[in-house]
Amino acid sequence: RVALLLAAITLSSTLVFSVFSAVLSGLGRFDLLGTLELAQVSITSLGLIPIIRSGHGLIAMASWQLSVVLGINLLTMVVCFRIYPDLRCHFRKPERVLLRSLWNLGFYVLVCNGAGQLILYTDNAVVGAFVTAAAVSYYAIAGKMVEYVRTIALSVLRYIMPLASSFGARNQYDRLRQLHLRGTQVVLLITYPIVITLFVRGSTLLRLWIGARFSAEATQVLQVLSVAAAIMLANSSVNGVALALDRQRILAFVT
């Protein structure tokens, strides 16, 4: 319970400080965002090694992650104010026009994200309800490997929307089309070698990870999910471009 509480505080602080990351993203300082994110991952990972080796448990790991996240968030805020000196923070009720515009975008983005969660993360519940509880393990292991590929794609796609918004605001639709094309190519160039490896050599990876008995059951599931991932990745940059063009209603409905 303590570890869960610490994890919740970590997430909450990230949500609060994400406004500064958004400002840097809007300014196109993806170099700073990438450096800060890399620093957070590196410091967290390197710090967990001695914690685990010294025999500490979940609470110590969660405490370390909270400390690193808070430190990086504060550093992001400092960097943001340095890059954009005119930035001011006011603790007051937002204007009605701003709330309306946020609602028009946020509601449909929420619907779209919720539908995406239903598509990607309710499969274990379906397997448990209609097959057997034991089958959940085989499916979840294969699904986890494919999820890593989606995470890699999302790390690239997070920069699509701010760039697309910039081009859309300037009516630079030729550059917007190029961004869509190049963004898709970059995602496929990075993820397709991994997807092909999972399809062809997934059985070897599973056997080394969980043993021969489990891998025999999970390999075919992994191959099917790899094909599904390949299809989804080919269309992965559409969401950012659609939101930038104010097409969130259509996007939410289709999703």
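Residues numbered from 1 in each chain as written. Predicted model: local features only at pLDDT ≥ 70, side-chain atom pairs only at ≥ 80, totals over all residues. Heavy atoms only, no water.

Asker: I keep staring at the overall build of the chain and nothing clicks. Help me out?
Answerer: Within the chain, the secondary structure is distributed over eleven helices and zero strands. Order of helices (α) and strands (β) in the chain, N terminus to C terminus: α-α-α-α-α-α-α-α-α-α-α. In terms of overall dimensions, the chain has C-alpha extents of about 60 × 50 × 35 Å along its principal axes. Per-residue burial for the chain yields a buried fraction of 29% across its 255 residues. If you take every contact in the chain between residues at least 6 apart in sequence, the share linking residues at least 24 apart comes to 76%. Carbon and sulfur atoms make up 67% of the accessible area of the chain, which totals about 16600 Å². Side-chain charges of the chain comprise 21 positive and 9 negative groups, with the mean position of each set lying 2 Å from the other. (Helix = DSSP H or I, 4+ residues; strand = E, 2+ residues; numbered from the N terminus. Buried < 20%, exposed > 50% of the residue type's maximum accessible area, 1.4 Å probe, protein only. Contact = heavy atoms within 4.5 Å. Areas by Shrake-Rupley, 256 points an atom, 1.4 Å probe, with all protein chains shown as cover. Lys, Arg positive; Asp, Glu negative; His and termini not counted. Charge placed at Lys NZ, Arg CZ, Asp CG, Glu CD.)

Asker: Looking at this model, I keep getting lost on the environment of leucine 66. Mind explaining?
Answerer: Structurally, leucine 66 can be placed in helix α3 (residues 58–83). Residue leucine 66 is classed as buried on the basis of its relative accessible area of 12%. For the pair leucine 66 and glutamine 185, spaced 119 residues apart in sequence, the C-alpha separation works out to 36 Å. Beyond its immediate stretch of four places on either side in the chain, leucine 66 contacts Leu6, Ile9 and Thr10.

Asker: Whenever I open this one, the nonpolar core confuses me. Can you help?
Answerer: In terms of nonpolar packing, the biggest core is built from 25 residues, with Leu176, Leu179, Leu206, Leu222 and Leu233 touching the most fellow members. Of all the elements in the fold, those that place two or more residues in this core are α6 (133–157), α7 (160–169), α8 (173–210), α9 (212–233) and α10 (238–244). Here the element with the most residues in this core is α6; it accounts for eight residues. In this view, leucine 222 contacts Ala142, Met145, Val146, Leu198, Gly202 and Leu206; residues no more than four positions away in its chain are not counted. (Core = buried A, V, L, I, M, F, W, Y, C linked by side-chain atoms within 4.5 Å.)

Asker: Is there a simple way to think about the packing of aromatic side chains in this case?
Answerer: Note on aromatic pairs: each is described by the distance of the centres and the angle between the planes. Taken as a whole and judged by the stated rule, the model has four aromatic pairs. With a centroid separation of 5.2 Å and an interplanar angle of 80°, the aromatic rings of phenylalanine 107 and tyrosine 108 are classed as edge-to-face. Taken together, the ring pairs connect Phe17, Phe20 and Phe81 into an aromatic cluster. (Phe/Tyr/Trp six-rings, centres within 6.5 Å; stacked < 30°, edge-to-face > 60°.)

Asker: Just to check I follow, could you spell out the packing of helix α2 (residues 30–53) against α3 for this structure?
Answerer: Think of two packed helices as two axes; the pair is described by the angle between the axes and how far apart they sit. At their nearest, the axes of α2 and α3 sit 10 Å apart, and the two run at 160° to each other. Classed by the angle they form, the pair α2 and α3 counts as roughly antiparallel. The handedness of the crossing between α2 and α3 is right-handed. Only Ala60, Met61, Trp64, Gln65, Val68, Val69, Ile72, Leu75, Thr76, Val79 and Ile83 of α3 make contact with α2, whose side of the interface consists of Leu32, Leu36, Ala39, Gln40, Ile43, Thr44, Gly47, Leu48, Ile51 and Ile52. Residues that form the contact of α2 with α3 fall into these classes: 16 nonpolar, five polar and no charged. (Axes fitted to C-alpha atoms, helices over the stretch in contact; angles between N-to-C directions. Parallel < 35°, antiparallel > 145°, perpendicular 65-115°, else oblique. Left-handed = near helix turned anticlockwise from the far one by under 90°. Nonpolar A, V, L, I, M, F, W, Y, C, P; charged D, E, K, R; others polar.)

Asker: I would appreciate a short explanation of a nonpolar patch on the surface in the present structure.
Answerer: A cluster of nonpolar side chains, namely Ile196, Phe199, Val200, Val227 and Ile231, defines an oily patch on the protein surface of about 480 Å² accessible area. The dominant element in the nonpolar patch, judged by the number of residues it contributes, is α8, at three residues. Position of valine 200 relative to the elements: it lies in helix α8. (Patch = residues over 30% accessible without salt bridge, like charges linked within 9 Å, V, L, I, M, F, W, Y side chains within 5 Å. Salt bridge = Lys/Arg side-chain N within 4 Å of Asp/Glu carboxyl O.)

Asker: It is not clear to me how helix α1 (residues 2–26) should be interpreted in this structure. Could you clarify?
Answerer: Helical geometry note: an α-helix holds 3.6 residues per turn, so side chains three or four residues apart project in the same direction. Here α1 spans 36 Å end to end across 25 residues, near enough to the 36 Å set by a 1.5 Å rise per residue. Where α1 bends most, at phenylalanine 17, the angle is about 45°. Listed in full, the buried residues belonging to α1 are Ala3, Leu6, Thr10, Ser13, Phe17, Phe20, Leu24 and Ser25. Glycine 28 lies just past α1 and shows a positive phi near 80°. (Expected span 1.5 Å × (residues − 1). Bend = angle between axes of the 7 residues up to and from the residue.)

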